[in-house]
Amino acid sequence: MAEKAKIAVFISGTGTNMAALLYASRLPGSTFEIVLVASNKGDAGGLKLAELEGISTFVHSHKGHSRESHDAAMEDAVHKADADYIVLAGYMRILSDEFVTRWLGRLINIHPSLLPKYKGLDTHARAIEAGDSHGGASVHLVVPELDAGEVLAQVKVRIAPDETSDTLAEKVKLAEHQLYPRAVSDYVSRGNDPAYLFGRVRALALALPETHERESHGSPGFRVGSEKSGKYFAYFSDRHHGSEHIALLVKTSGMDELMDLVEAQPEAYYKPAFYGASGWVGVILNRSEVDWESVSEWLTRSWRSVAPARLTKLQDAADMF
């Protein structure tokens, strides 16, 4: 079974979404565990629940501190808890751009509207005033721009003819409790999802000039050149030949480089069965903190090793701009 992702939850109040996440994390098959509940308010009700359930807590008041110094204290607690992700659950502080940038891709929030509609406050009243048929909630990644990160999941809640902002808020809160644990679970487990990993590899491979996809020996493969005479420069391997790895297979300069990579970084590279004998290396994808820029570089390098000279010259010219 894959190791569970470790999550720190930031709250400022009762922590009902934190509670939904906590109890979901204890169901069979959960992909995450909560290792810290942190707050800017010592009287936040969610802290008592977390303590009762044996979760480590941390409090640091924002009063009398700059935004940056307060963020630094919260972040230090996250690092000490060894958390992989931060999930905001009713955390009523705007995080500094520097903090958000350091946690890009690992910082998640839930917002009470169907984004991109109604960023910011008073979302329910604005939806009712606009005559919308539905309100709802969106789970999204946090970026420096307010409520502008990638939307991971949404749930719609129908607006009744006599709806008020208070009654809609109550319904949306119930929907949030269902949505948030599932969206967080799906997101933090994507690194072990073959479909997600293949989608990323496929997009990078097919972005290279004159490439196409073709299956080979049961694995998706990528070739450069014509359909008839193209040459393979990469394969996607989903635990093939008894391997535990989901990996990208690419060409190295030969066995010396292959073995050097495997010996120096066994957590990132392995010698694949069948392909390894020809100097192909497996770049392991089902692991934490995959460097996708490095994956892209490997694809480009492998593509160059078999692409016609006219294409590599065109690529060289493009890389100059």
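Residues numbered from 1 in each chain as written. Predicted model: local features only at pLDDT ≥ 70, side-chain atom pairs only at ≥ 80, totals over all residues. Heavy atoms only, no water.

### Re the pattern of salt bridges
Opposite charge on two side chains permits pairing when their charged atoms draw close. Per the stated rule, a full pass over the model turns up 12 salt bridges. Across the pair glutamate 176 and lysine 173 runs a salt bridge, and its minimum N-O distance is 3.4 Å. Of this pair, glutamate 176 and lysine 173 both sit in helix α6 (residues 165-188), separated by 3 residues, roughly a single helical turn. (Salt bridge = Lys/Arg side-chain N within 4 Å of Asp/Glu carboxyl O. Helix = DSSP H or I, 4+ residues; strand = E, 2+ residues; numbered from the N terminus.)

### Considering the packing of aromatic side chains
Per the stated rule, a full pass over the model turns up 11 aromatic pairs. Ring centres of phenylalanine 198 and phenylalanine 222 lie 6.2 Å apart, and the angle between their planes is 25 degrees; on these two criteria the pair is classed as stacked. Within this pair, whereas phenylalanine 198 is found in helix α7 (residues 194-206), its partner phenylalanine 222 is found in strand β9 (residues 219-224), the two being separated by 24 residues in sequence. The pair phenylalanine 198 / phenylalanine 222 is uniform in exposure class, with both members buried. Note on tyrosine 235 and tryptophan 280: the rings are 5.1 Å apart at their centroids and 55 degrees apart in plane angle, and the pair reads as tilted. Taken together, the residues tyrosine 235 in strand β10 (residues 231-238) and tryptophan 280 in strand β13 (residues 280-284) connect sequence positions 45 residues apart. In terms of burial, tyrosine 235 and tryptophan 280 fall into one category: buried. Each member of the aromatic cluster is reached from another via a ring pair, and the members are Tyr232, Tyr235, Phe274, Tyr275 and Trp280. Lying over the aromatic face of tryptophan 103, arginine 106 brings its terminal NZ or CZ to 4.1 Å of the ring centre. Between arginine 190 and the ring centre of tyrosine 187, over which it is positioned, the NZ or CZ distance is 3.8 Å. (Phe/Tyr/Trp six-rings, centres within 6.5 Å; stacked < 30°, edge-to-face > 60°. Buried < 20%, exposed > 50% of the residue type's maximum accessible area, 1.4 Å probe, protein only. Lys NZ or Arg CZ within 6 Å of the ring centre and 35° of its normal.)

### Here we look at the sheet that holds strand β6 (residues 134-141)
Sheet strands pair by backbone hydrogen bonding; their relative direction is either parallel or antiparallel. On the basis of which strands lie adjacent, the open sheet formed by 7 strands has the order β3-β2-β1-β4-β5-β6-β7 and mixed pairing. Each of the sheet's edge strands pairs with one partner strand only, and the pair in question is β3 (57-59) and β7 (151-158). Between one strand and the next, the sheet's axes are offset by a mean angle of 20 degrees, whatever the strand orientation. Across the sheet, helix α1 (residues 16-25) touches β1 (5-11), β2 (32-39), β4 (85-88) and β5 (107-111), and the angle it forms with β2 is around 155 degrees. Packed onto the sheet, helix α2 (residues 45-52) meets β1, β2 and β3 and runs at close to 150 degrees relative to β3. (Pairing = 2+ DSSP bridges. Axes fitted to C-alpha atoms, helices over the stretch in contact; angles between N-to-C directions. Contact = heavy atoms within 4.5 Å.)

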